[in-house]
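Residue-level structural notes
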Amino acid sequence: MGIIARQGVSNSFAIFIGFFLGGLNTVFIFPHVFQNNLEDLGLIQLLVTVSFIIGQLLTFGSVGITIRYYPKMLSEKRVGQLMYYIWILPTAALTLFGLILLLAQENFLSLFIDERISISSASALIMLFFLTAGITFFRIVSGYSSVLKKTFLPSFLNEVVVRLLILVFTYL
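Scope of this entry: the structure provided in the associated data block. (Residues numbered from 1 in each chain as written. Predicted model: local features only at pLDDT ≥ 70, side-chain atom pairs only at ≥ 80, totals over all residues. Heavy atoms only, no water.)

Before going further, it helps to examine helix α3 (residues 62-75). The terminal C-alpha atoms of α3, which comprises 14 residues, lie 19 Å apart, in line with the 20 Å expected from a rise of 1.5 Å per residue. Along α3, the sharpest kink reaches roughly 50°, centred on Y69 and followed within four residues by the proline P71. Of the residues making up α3, those classed as buried are S62, T66, Y70 and M73. Residues of α3 that are buried in the fold lie against α4 (79-103) and α6 (121-147). Directly beyond the C-terminal end of α3, a positive phi value near 55° is found at K77. (Helix = DSSP H or I, 4+ residues; strand = E, 2+ residues; numbered from the N terminus. Expected span 1.5 Å × (residues − 1). Bend = angle between axes of the 7 residues up to and from the residue. Buried < 20%, exposed > 50% of the residue type's maximum accessible area, 1.4 Å probe, protein only. Contact = heavy atoms within 4.5 Å.)

And the structure:
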C-alpha cells in the first residue's frame, strides 16, 4: 500500500472515531447530562465555538509561517530557531489571554451566562481557557505535521481529542 493510501486509511479511521464520539456525545451523553437544563448544553457549544475562533487568532499565523519557511530553515539548519518562534508567540498570547480572562472574568462571562445557566462561571472560564489552549497548540502541531507530511496526528487531534476534551469538560 502506498504512502497516500495508508495516510488516507489512517485519516479515515480518525474521522470515523471522531464521528462516532460526536454522535455518542450528541445523541446519548448530552441529553442525559443536560436533561434538566438545555441552556448549559448551549453554553458548552458556544464555549467550544468561541475557543475555536480565539485559538485560531492566538496562533498568529504560526501554521502558515511553518509551512512557508520550514524548507528554507531546514536547508540552513535553523529549524530549532523556527520552532522556537512558532511556539513562543502563541504561548505568550495564550498567557495574555489567560490574564485577560482572570482580570475581566465578570464582564466576559456576562456576555454568555445568565440566571438560567447552572454551570459556574469558574468552570466556564476554565473550560474556555483549556479548550482554547488545546486548539491553539493543536493547530501549531498540525502545521508542523503537514510540513513533515504526517497527516494522521492533526486528523486525530482535531477529530478525536477535541471531542474527548468536550466530553471531559461536560462532566466537570
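More follows now that the structure is in view.
Next up on the list: the packing of aromatic side chains. Overall, the coordinates contain 5 aromatic pairs when judged by the stated rule. Aromatic side chains Y70 and Y144 sit 5.9 Å apart centroid to centroid with 80° between the ring planes, which places their arrangement in the edge-to-face category. Taken together, the positions of Y70 in helix α3 and Y144 in helix α6 put the pair 74 residues apart, joining distant regions of the chain. Looking at Y144, the relative accessible area reads 27%, which means it is partly exposed. Over the ring of Y69 we find R68, and its NZ or CZ is 5.2 Å from the ring centre. (Phe/Tyr/Trp six-rings, centres within 6.5 Å; stacked < 30°, edge-to-face > 60°. Lys NZ or Arg CZ within 6 Å of the ring centre and 35° of its normal.)

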